[in-house]
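Now for the letters of each chain:
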Amino acid sequence: MTLTTTLTDLANPTRFLSLTARVLPWLTAATAILLAIGLYQSAMAPDDYQQGATVKIMFIHVPNAWLAMFVWGVMSVAALGTLVWRHPLADVAAKAAAPIGAAFTFLALVTGSLWGRPMWGTYWEWDARLTSVLILFLMYLGLMALWRAVEDPSRAARAAAVLTLVGALNLPIIKFSVDWWNTLHQPASVFRMGGPTLDRAFLIPLLVMAVAFSLLFVTLHLAAMRNEILRRRVRSLQMMQASRKAA
Amino acid sequence: MSLGPYAPFIVTSYVLVTAVVLFLILWITFDYRRQMHRLHELEASGIVRRSGRSAADTR
Amino acid sequence: MTALAALIKRDVQIALRVGGGALIGVLFFLTVVVLMPFAIGPDLALLTRLGPAILWLGALLASLLTLDRLFMADHDDGSLDLIAMSRTPLELSCAAKALAHWLAAGVPLIVATPVLGLLLNLDAGSTLAVALTLLVGTPALTFTGIIGAALAVTLHRGGLLLAVLVLPLSIPVLIFGVAASEAAISGPVSFGTPFSILAALSLISFVVGPFAAAASLRQGLD
């Protein structure tokens, strides 16, 4: 089965619900197992010769920071789905992803700040990466405010889709500006030219945790999408009820 | 496993992540229950979907 | 082309006549800048150092303040529907409206800058540099702002929501605007680098702004 036919099949909310009902238990189990392995491995990881035990914060900070950006990417694809292909589930996917993405961004900020306190001596440093993530967090909150401001879900969906795509175009520019504005942070060390410089003892737990958190996001996202579909059903049934009463 | 002099920071960050993730899980679970409850209520009061199928049926 | 020229002329006239918001923007700019020394203290050396930042923040807030009128009035009297239905592409109409808004609300801010520079103890060269960066940078503020204005009008919500959505998008303009002004006054960086990036940001916003605004109007008007 090709990707397009899968996507068309999923356009039917009822079929999507039956799929999630089947997939969710497995996803939950896989997430739990991977998280357990990741946590065990990060607990067993040796101390860094420079950062000491604080390197353990990295194992949760980096996955959250990765998801903070990844979720905006997911929402951008969903926004294209809303505006271009008018896929019925795209609105639902975009709306369900926003609070989860905001939560991961918040965690990336807080763990980064808790990591910075022993390393830099302050909780908050106006350094380029922390600042860009803070702006990303503000944009998540703005997007959620937009979703909440409008009663009609499909109208809100189209406005949110435009804003998500504008945000996706702007985020690299913001990142670049903030980098230019202030560069104090240590250079990127996981994905960089010439292979990772991170020691294997840290890299493996980090990758396991990253996969575990990504699975966690997929699980939460599917469950939140299911809730959103049910919420829309409730809404339409309530409108039927109201019109029946009026008649 | 010794956490060194910065143990409070490490423990706080792990606790916070756990708390927020648990909050998300609980919020989504309760939201699911609430929507299902409302659907059952609406069905009990005689409102049915145009397709005639049960609204709370997710299979 | 004549249709767009007529649209620009009409919008500028509406903004400048009695009841239009353009000149209130300048008054707001003036008030914000006058308020700053009360918060910071009358230390002239400090004011000189903060001058470009104060002027840029004032201009940013003032241009934001007048934004939600951009489509709202046209939506209320129905002319927005006519604009959307006309044969001129909606993207061009949005660009024309943004240009008109900048002419009516942005240019007066730049004209007022020398007077305010005097209050902040900036010398002639520095004031000129700030005015120049505002001239190049404020179009970017207007053209990213119309996205927010278009979203606000389709949602029937304005005010604070618009500010919350638009302000994060204007951070790059603020960074490079202030950086270019400060480079001209004191900074170690040459004026040309941040200034050309500022110009590039404006050019990007000329492309992105009208398309996004038109998309959101098309999706949202019914």
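Residues numbered from 1 in each chain as written. Chains lettered and ligands numbered in written order. Predicted model: local features only at pLDDT ≥ 70, side-chain atom pairs only at ≥ 80, totals over all residues. Heavy atoms only, no water.

The subject of this paragraph is the overall build of chain C. When helices and strands are tallied, chain C shows 10 helices and 0 strands. For 222 residues, the compact-globule formula gives about 17 Å, and the C-alpha radius of gyration of chain C, at 18 Å, lands near that figure. Viewed in the frame of its principal axes, chain C has a C-alpha envelope of about 55 × 35 × 30 Å. Per-residue burial for chain C yields a buried fraction of 54% across its 222 residues. For chain C, the proportion of contacts with a sequence separation of at least 24, taken over those separated by at least 6, is 80%. For chain C, the exposed area adds up to about 9,600 Å²; of that, 73% sits on carbon and sulfur atoms. Once the 9 positive and 11 negative side-chain charges of chain C are each reduced to a mean point, those two points are 7 Å apart. (Helix = DSSP H or I, 4+ residues; strand = E, 2+ residues; numbered from the N terminus. Rg over C-alpha atoms; globule rule 2.2 N^0.38 Å. Buried < 20%, exposed > 50% of the residue type's maximum accessible area, 1.4 Å probe, protein only. Contact = heavy atoms within 4.5 Å. Areas by Shrake-Rupley, 256 points an atom, 1.4 Å probe, with all protein chains shown as cover. Lys, Arg positive; Asp, Glu negative; His and termini not counted. Charge placed at Lys NZ, Arg CZ, Asp CG, Glu CD.)

Our next topic: the nonpolar core. In this structure, Phe59, Trp72, Ile100, Leu146 and Phe213 of chain A together with Phe29 and Leu55 of chain C are the most contacted members of the largest nonpolar core, which totals 124 residues. Here this core gets 16 residues from one element, more than from any other, and that element is helix 7 (residues 200-246) of chain A. Ignoring sequence-local partners within four residues, the contact set of Ile100 of chain A consists of Phe217, Leu220, His221 and Ala224 of chain A together with Leu24 and Ile28 of chain B. Listed in part, the 29 residues of the second largest apolar core include Val12, Leu70, Ala95 and Ala100 of chain C. (Core = buried A, V, L, I, M, F, W, Y, C linked by side-chain atoms within 4.5 Å.)

Here we take up the interface of chain A and chain B. With 42 residues of chain A at the contact, the number on the chain B side is 36 residues. Both faces combined, the contact of chain A with chain B buries some 3,500 Å², and carbon together with sulfur accounts for 76% of it. One can count 1 salt bridge joining chain A with chain B. Of the charged contacts in the structure, one is a salt bridge between Arg231 of chain A and Asp31 of chain B, with a shortest N-O distance of 2.9 Å. Here chain A is connected to chain B by 3 residue pairs in polar contact (both at pLDDT 80 or more). Ranked by residue count, the leading element in the side of chain A that touches chain B is helix 7 of chain A, at 16 residues. The residue inventory of the side of chain A that touches chain B, partitioned by class, reads 26 nonpolar, 9 polar and 7 charged. (Buried area = accessible area lost by both parts, 1.4 Å probe. Salt bridge = Lys/Arg side-chain N within 4 Å of Asp/Glu carboxyl O. Polar contact = N/O pair within 3.5 Å; in protein donor to acceptor, adjacent residues only side chain to side chain. Nonpolar A, V, L, I, M, F, W, Y, C, P; charged D, E, K, R; others polar.)

Once that is clear, we can look at the packing of helix 6 (residues 153-181) of chain A against helix 10 (residues 192-220) of chain C. One way to put it is that helix 6 of chain A packs onto helix 10 of chain C with a least axis distance of 9 Å and a crossing angle of 170°. It follows that helix 6 of chain A is roughly antiparallel to helix 10 of chain C by the angle criterion. When helix 6 of chain A is examined against helix 10 of chain C, the residues Arg155, Arg158, Val162, Val166, Leu169, Ile173, Phe176 and Trp180 of chain A are found in contact with a partner set consisting of Pro194, Ile197, Leu201, Ile204, Val208, Ala212, Ser216, Gln219 and Gly220 of chain C. Looking at side-chain class alone, the contact of helix 6 of chain A with helix 10 of chain C contains 12 nonpolar, 3 polar and 2 charged residues. (Axes fitted to C-alpha atoms, helices over the stretch in contact; angles between N-to-C directions. Parallel < 35°, antiparallel > 145°, perpendicular 65-115°, else oblique.)

To continue, consider the packing of helix 2 (residues 22-40) of chain C against helix 6 (residues 90-119) of chain C. Residue and element names in this part refer to chain C. In the contact formed by helix 2 and helix 6, the axes pass within 9 Å of each other and the chain directions differ by 25°. For the element pair helix 2 / helix 6, the angle class is roughly parallel. Both helix 2 and helix 6 take part in a crossing whose hand is right-handed. Across the interface between the two elements, Ala22, Gly25, Val26, Phe29, Leu30, Val33 and Val34 of helix 2 pack against Ala104, Ala105, Pro108, Leu109, Ala112, Thr113, Leu116 and Leu119 of helix 6. When its residues are assigned to classes, the contact of helix 2 with helix 6 shows 13 nonpolar, 2 polar and no charged. (Left-handed = near helix turned anticlockwise from the far one by under 90°.)

This part covers the side chain of Ser63 of chain C. Mapped onto the elements of the fold, Ser63 of chain C is located in helix 3 (residues 44-65). In contact with Ser63 of chain C, other than residues within four places in its own chain, are His101, Leu109 and Leu141 of chain C.

Attention shifts here to the pattern of salt bridges. In the structure shown here, the tally under the stated rule is 10 salt bridges over all chains. Between Asp31 of chain B and Arg34 of chain B there is a salt bridge, and its shortest N-O distance comes to 2.9 Å. One end of the pair is Asp31 of chain B and the other is Arg34 of chain B, both in helix 1 (residues 7-44) and 3 residues apart, which spans about a single turn. Its relative accessible area of 3% is what places Asp31 of chain B among the buried residues. Looking at Arg34 of chain B, the relative accessible area reads 43%, which means it is partly exposed. Residues joined by salt bridges that share partners form a network here, namely Lys95, Glu228, Arg231 and Arg232 of chain A together with Asp31 and Arg34 of chain B.

Taken together, the contact between chain A and chain C spans 25 residues of the former and 27 residues of the latter. Summing the contributions of chain A and of chain C, the shared interface buries around 2,300 Å²; its carbon and sulfur component is 79%. Looking at the side of chain A facing chain C, the largest losses of area belong to Arg155, Val162 and Trp180 of chain A, adding up to 26% of the total buried there. Taken together, the links from chain A to chain C amount to 0 salt bridges. Scanning the region where chain A abuts chain C turns up 2 residue pairs in polar contact (both at pLDDT 80 or more). Among the elements of the structure, helix 5 (128-149) and helix 6 of chain A are those that each provide at least two residues to the side of chain A that touches chain C. Top contributing element to the side of chain A that touches chain C by residue count: helix 6 of chain A, with 15 residues. Taken together, the residues that form the side of chain A that touches chain C break down as 19 nonpolar, 3 polar and 3 charged.

All names here are of chain C. When helix 4 (residues 69-76) is considered as a whole, its buried residues turn out to be Leu70, Phe71 and Asp74. Projected onto a plane normal to the axis of helix 4, the buried residues spread over an arc of 65° and lie on a single side. In this structure, the buried residues of helix 4 make contact with helix 1 (2-16), helix 5 (79-85), helix 6, helix 7 (124-155) and helix 10. Immediately downstream of helix 4, the backbone of Gly78 shows phi near 90°, a positive value. (Arc of directions from axis to C-beta.)

Let's shift gears to the packing of aromatic side chains. On inspection of all chains with the given rule, the structure shows 7 aromatic pairs over all chains. Ring centres of Trp72 of chain A and Tyr140 of chain A lie 5.1 Å apart, and the angle between their planes is 75°; this geometry places the pair in the edge-to-face category. Of this pair, Trp72 of chain A sits in helix 3 (residues 55-85) while Tyr140 of chain A sits in helix 5; the two residues are 68 residues apart in sequence, bridging distant segments of the chain. In terms of burial, Trp72 of chain A and Tyr140 of chain A fall into one category: buried. What links up through ring pairs into an aromatic cluster is the set Trp66, Phe70 and Phe217 of chain A. The ring of Tyr32 of chain B has Arg226 of chain A lying over it, and the distance from NZ or CZ to the ring centre is 4.0 Å. (Phe/Tyr/Trp six-rings, centres within 6.5 Å; stacked < 30°, edge-to-face > 60°. Lys NZ or Arg CZ within 6 Å of the ring centre and 35° of its normal.)

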